[in-house]
Amino acid sequence: MNTPVLGIHHVTAIIGQPQPNIDFYTGALGLRMIKLTVNYDDPETYHLYFGDTAGTPGTAITFFPWPYAQRAQPGVGQVLSTAYAVPNGSIEYWLKRLSKRSVSSQRAERMGEQMLTIRDPDDLQIELVETDQLPDVQPWLDGGVPREHAIHGFHSVTLAVAQHQPTNDFLRDVFAFRRVSEEADVVRFETNQGGPGGFVQVQARPDLPRGEMGPGTVHHVAWRVTDDDAQAYWRNTVIKAGRHVTPVKDRNYFHSIYFREPGGVIFEMATDCPGMMVDENINALGTQLKLPPFLEDQRDQIVSKLPSITLPVRL
Ligand code: ZN
């Protein structure tokens, strides 16, 4: 297999109001807003992207705000936690920074790594994990966080499942991930190239109900593949493994397929190309509402239905 799954591409969650989300991810976490667009399947809903300076694959957390929906209960068959990689020795900085903003955070340790767990404004669990193996990304340095503490893309996601085996077998036998460690009810796998950005923890949570879909829950995790050929290979492989896979969808910045892994978590496989700079240059990323060509002629109508928001001010 010469087209491995490279790591996490992006994580997409559903939230309530857009403004507290924008303020938290840019203001508290110091990420760059890298794209302001709409949900292509539901254009009256924003799609907000936050990542590094260049919108590098493996850095983007994205959100669909549903301001009028009831908050949903996360549970099995969902991503329960999304972890970012931060440099070793930066936990103290983050404790102080978050406390100043009245964001509560808790120290924890998992598999020998020091981390903070945080709840975002929609109660999504975010983790900051110290590592000396920082992914090769371009941290955003205009968000008020110095490079020595800045978020360097994703570290991992944690999937909640009713039982380990179906998901573990899928990750090992179909995705060709390696089982690298385990602790209590959590098993960690890594992608072919491994390391932070290519980790996934599988946690058995038979105590939880099946997750609902709505504000406060992660909708899916997307995995990186290089290009359309690699995606076609993986689409066939996943179909052969008995999963129902969608046709390829053009998401303008990447091409995507979707399916559920056997534990119920929605997986996407997204291409690294063409990338976030297909419709904006690096300086302009995230500064205005971008629509895909097929929605551009409905721009006025779409804009009239979207809630007004205040975009982050550059420091
Ligand atoms: Zn996605």
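Owing to the predicted nature of the structure, the values given are computational and were not obtained by experimental measurement.

Calculation notes
Residues numbered from 1 in each chain as written. Predicted model: local features only at pLDDT ≥ 70, side-chain atom pairs only at ≥ 80, totals over all residues. Heavy atoms only, no water. Helix = DSSP H or I, 4+ residues; strand = E, 2+ residues; numbered from the N terminus. Rg over C-alpha atoms; globule rule 2.2 N^0.38 Å. Buried < 20%, exposed > 50% of the residue type's maximum accessible area, 1.4 Å probe, protein only. Contact = heavy atoms within 4.5 Å. Areas by Shrake-Rupley, 256 points an atom, 1.4 Å probe, with all protein chains shown as cover. Lys, Arg positive; Asp, Glu negative; His and termini not counted. Charge placed at Lys NZ, Arg CZ, Asp CG, Glu CD. Pairing = 2+ DSSP bridges. Axes fitted to C-alpha atoms, helices over the stretch in contact; angles between N-to-C directions. Donors = N, O, S within 2.8 Å, 3.2 Å for Na, K, Ca; no water. Salt bridge = Lys/Arg side-chain N within 4 Å of Asp/Glu carboxyl O. Polar contact = N/O pair within 3.5 Å; in protein donor to acceptor, adjacent residues only side chain to side chain. Phe/Tyr/Trp six-rings, centres within 6.5 Å; stacked < 30°, edge-to-face > 60°. Arc of directions from axis to C-beta.

1. Digging into the overall build of the chain
- Along the chain, the regular secondary structure elements total five helices and 16 strands.
- In summary, the chain has a C-alpha radius of gyration of 18 Å against a globular reference of 20 Å for 315 residues, a match within 12%.
- Within the chain, the fraction of its 315 residues that count as buried is 58%.
- Long-range contacts, defined as pairs at least 24 residues apart, comprise 68% of the intrachain contacts of the chain with a sequence gap of at least 6.
- If you sum the accessible surface of the chain, you get close to 13300 Å²; carbon and sulfur atoms cover 48% of it.
- Positive and negative side-chain charges of the chain, numbering 28 and 37 respectively, have mean locations separated by a distance of 1 Å.

2. As for the pairing of strand S3 (residues 42-51)
- The element S3 is largely enclosed, with a buried count of seven among its 10 residues.
- Relative to S3, strand S2 (residues 32-39) runs antiparallel, the two sharing seven bridges. Bridge pairing in S3 places Met-33 opposite Phe-50.
- Connecting the antiparallel pair S2 and S3 is a turn made up of two residues.
- The pairing of S3 with strand S4 (residues 60-65) spans three bridges and is antiparallel. Counterpart to Phe-50 in the pairing with S4 is Ile-61.

3. A closer look at the sheet that holds strand S11 (residues 186-190)
- Sheet architecture is open: eight strands sit in the order S6-S7-S8-S5-S9-S12-S11-S10, paired in mixed fashion. Of all strands in the sheet, those bounded by a partner on one side alone are strand S6 (105-110) and strand S10 (178-183). Within the sheet, the average angular offset between the axes of one strand and its neighbour, ignoring direction, is 25 degrees.
- Here S6 pairs with strand S7 (residues 113-119) via six bridges, running antiparallel. The partner of Arg-110 across the bridge, within S7, is Glu-113.
- Set on the sheet, helix H3 (residues 164-174) makes contact with strand S9 (154-161), S10, S11 and strand S12 (199-204); between it and S12 the angle comes to about 160 degrees.

4. Section: the coordination of the zinc ion
- Coordination of the zinc ion by the protein is provided by His-10 (NE2), His-220 (NE2) and Glu-268 (OE), with metal-donor distances spanning 1.9 to 2.0 Å.
- For the zinc ion, all donor residues lie on one chain, and their spacing in sequence is H-x209-H-x47-E. With a gap of 48 residues between them, His-220 in strand S13 (residues 217-225) and Glu-268 in strand S16 (residues 266-271) connect regions that are remote in the sequence. As far as the burial class goes, His-220 and Glu-268 line up, both buried.

5. Regarding the side chain of Asp-120
- In this fold, Asp-120 is placed in the loop between S7 and strand S8 (125-131).
- Buried Asp-120, no salt bridge; nearest opposite-charge side chain is Arg-71, N-O distance 6.5 Å.
- At a separation of 2.7 Å, a polar atom in the side chain of Asp-120 contacts the main-chain amide nitrogen of Asp-122.
- Apart from the residues within four sequence positions on either side, Asp-120 is in contact with Asn-21, Phe-24, Tyr-25, Phe-63 and Ile-126.

6. What to know about the packing of aromatic side chains
- As enumerated under the stated definition, the model contains 20 aromatic pairs in all.
- Centre to centre, the rings of Tyr-25 and Phe-50 are 5.7 Å apart; their planes meet at 25 degrees, and the pair counts as stacked. Of the two residues, Tyr-25 sits in helix H1 (residues 18-28) while Phe-50 sits in strand S3, which places them 25 residues apart along the sequence.
- Under the relative-accessibility criterion, Phe-50 is labelled buried at 0%.
- Summarising the aromatic geometry, the rings of Phe-259 and Phe-267 are spaced 6.0 Å apart at their centres and angled 75 degrees between planes, so their arrangement reads as edge-to-face.
- Judged by relative accessible area, Phe-267 falls into the buried class, the value being 0%.
- Each member of the aromatic cluster is reached from another via a ring pair, and the members are Phe-170, Phe-175, Phe-177, Trp-223, Tyr-233, Trp-234, Phe-259 and Phe-267.

7. Some thoughts on helix H2 (residues 91-100)
- Every buried residue of H2 is accounted for by Ile-91, Trp-94, Arg-97 and Leu-98. Burial along H2 is one-sided: seen end-on, the buried residues are contained in an arc of 125 degrees. In H2, those exposed residues whose orientation departs by more than 90 degrees from the buried face are Lys-96 and Lys-100.
- Taken together, the buried residues of H2 touch H1, strand S5 (78-87), S6, S7 and S8.
- Following H2 by one or two positions, Ser-102 has its phi on the positive side, about 60 degrees.

Remember that the coordinates give geometry; whether it matters functionally is a separate question.
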